[in-house]
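A structural walkthrough
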Amino acid sequence: MNLNTLGGHACFGGTVSFHEHHSSACDGEMRFAVYTPPQAADGPVPVLYYLAGLTCTEETFMIKGGAQRLAAEHGLMLVAPDTSPRDANIPGEDDDWDFGTGAGFYVDATEEPWSRHYGMYSYVTRELPSVVEENFPAGPDARGVFGHSMGGHGALVCALKNPDFFRSVSAFAPVSAPTRVPWGEKAFSGYLGGDREAWKAYDASELVREHPFPDGRNILVDQGLSDQFLEEQLLPEALEEACAESGQPLTLNRREGYDHSYYAISTFMEEHIRHHSAALNRA
Ligand SMILES: N[C@@H](CCC(=O)N[C@@H](CSC=O)C(=O)NCC(=O)O)C(=O)O
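Cut-offs and rules
- Residues numbered from 1 in each chain as written.
- Predicted model: local features only at pLDDT ≥ 70, side-chain atom pairs only at ≥ 80, totals over all residues.
- Heavy atoms only, no water.
- Helix = DSSP H or I, 4+ residues; strand = E, 2+ residues; numbered from the N terminus.
- Buried < 20%, exposed > 50% of the residue type's maximum accessible area, 1.4 Å probe, protein only.
- Contact = heavy atoms within 4.5 Å.
- Lys, Arg positive; Asp, Glu negative; His and termini not counted.
- Salt bridge = Lys/Arg side-chain N within 4 Å of Asp/Glu carboxyl O.
- UniProt positions renumbered as here; feature names shortened; annotations may be inferred.
- Phe/Tyr/Trp six-rings, centres within 6.5 Å; stacked < 30°, edge-to-face > 60°.

1. Re the side chain of Ser-277
Within the secondary structure, Ser-277 sits in helix H10 (residues 262-280). For Ser-277, a relative accessible area of 9% gives the class buried. Not counting residues up to four positions away in its chain, the partners in contact with Ser-277 are His-74, Leu-76 and Arg-282.

2. Section: the side chain of Glu-93
Note on placement: Glu-93 falls in the loop between strand S5 (77-81) and helix H3 (120-135). The charged side chain of Glu-93 is buried without a salt bridge, its nearest counter-charge being Arg-86 at 9.4 Å. The contact partners of Glu-93, leaving out residues within four places of it in the chain, are Asp-87, Ala-88, Phe-99, Gly-100, Thr-101 and Trp-114.

3. Section: the UniProt feature "active site" (unreviewed entry) in the protein chain
Following the UniProt record, the feature "active site" (unreviewed entry) maps to Ser-149, Asp-227 and His-260 here. Sequence-wise these annotated residues cover 112 residues; spatially they are packed, their C-alpha atoms never more than 10.8 Å apart. Tracing the backbone shows Ser-149 in the loop between strand S6 (138-148) and helix H4 (150-161). On the basis of relative accessibility, which here comes to 3%, the residue Ser-149 falls in the buried class. Each residue touching Ser-149, except ones within four places of it in the same chain, is listed here: Phe-172, Ala-173, Pro-174, Val-175, Trp-183, Leu-234 and His-260. Along the chain, the position of His-260 falls in the loop between strand S9 (250-255) and H10. The exposure class of His-260 is buried, given its relative accessible area of 9%.

4. Focus on the packing of aromatic side chains
One pass over the structure, following the stated rule, counts 19 aromatic pairs. Ring centres of Trp-97 and Trp-183 lie 6.0 Å apart, and the angle between their planes is 90°; this geometry places the pair in the edge-to-face category. With a gap of 86 residues between them, Trp-97 in the loop between S5 and H3 and Trp-183 in helix H5 (residues 182-192) connect regions that are remote in the sequence. Here the aromatic rings of Tyr-118 and Tyr-191 are separated by 5.4 Å at their centres, their planes lie at 25°, and the arrangement is stacked. Of this pair, Tyr-118 sits in the loop between S5 and H3 while Tyr-191 sits in helix H5, and the two are 73 residues apart along the sequence.

5. Topic: the pattern of salt bridges
Evaluation of the coordinates by the stated rule reveals 16 salt bridges. Residues Arg-255 and Glu-271 are paired through a salt bridge, measuring 2.9 Å at the closest nitrogen-oxygen approach. Note that Arg-255 is positioned in strand S9 and Glu-271 in helix H10, a separation of 16 residues in sequence. Judged by its relative accessible area of 38%, Glu-271 falls in the partly exposed class. Because the salt bridges share partners, they merge into one network encompassing Asp-96, Asp-98 and Lys-186.

Rendered as structure tokens:
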């Protein structure tokens, strides 16, 4: 596998770097960003994957998330993939901001014309970790995942479906029940087809009701109460109810005055990094 490094920047004693490679899951070139903390000079470190939201790229989190200083303190590598394939030459791929380019929804599409390239679930749960673990000082047994909005949905789904692979999970303003909201209905109809039962495999609230994260591991969620998408798209109460039903420990912080932006995400970043560090740096 050929990894093309596009650039790098010293940052809090470590490095932010950008990379491109051929993805077999997406049958095309994919980009991702890595923050390598200073501790990696002495050996492999735990890896925390960040899944960004609609319209974002691999750069968004590194520029706006404010996580590098904290990752340097806790000795965590951060990895942020792009949010979809790009330039896949699919008719209409760039027409909407909430479907197609920048909106892969972290599913493996089964419907034409998306199924050939939109394998984002396989990409983030299998191919990308393999690439990272082959090319960076990344410990293979300590992975966490978090994300925002569409990426919060992705993080919850990836962790709940792969609890042995991802030891910790958290989310900022996640799309908590995508099968019940317009963003999810549009994406899942297009990528997965009309069978709403099949959609449940990618709905965190449905998944957690049946299979909570094992060993009583807590899920951390931060949700701003001035979030412009809260009532129509996010439904944190659906996740809360499902967790209560299955006995899944959940810390859902409702934050007065905060919206859907990276100003909110960066405000609560420290608590999320601490949450993951406590799980991933355990001996
Ligand atoms: N372009 C849209 C707004 C898009 C938006 O708000 N994207 C969010 C994620 S929303 C859910 O996944 C985001 O993270 N944007 C990047 C940023 O830098 O803020 C519109 O026109 O309303």
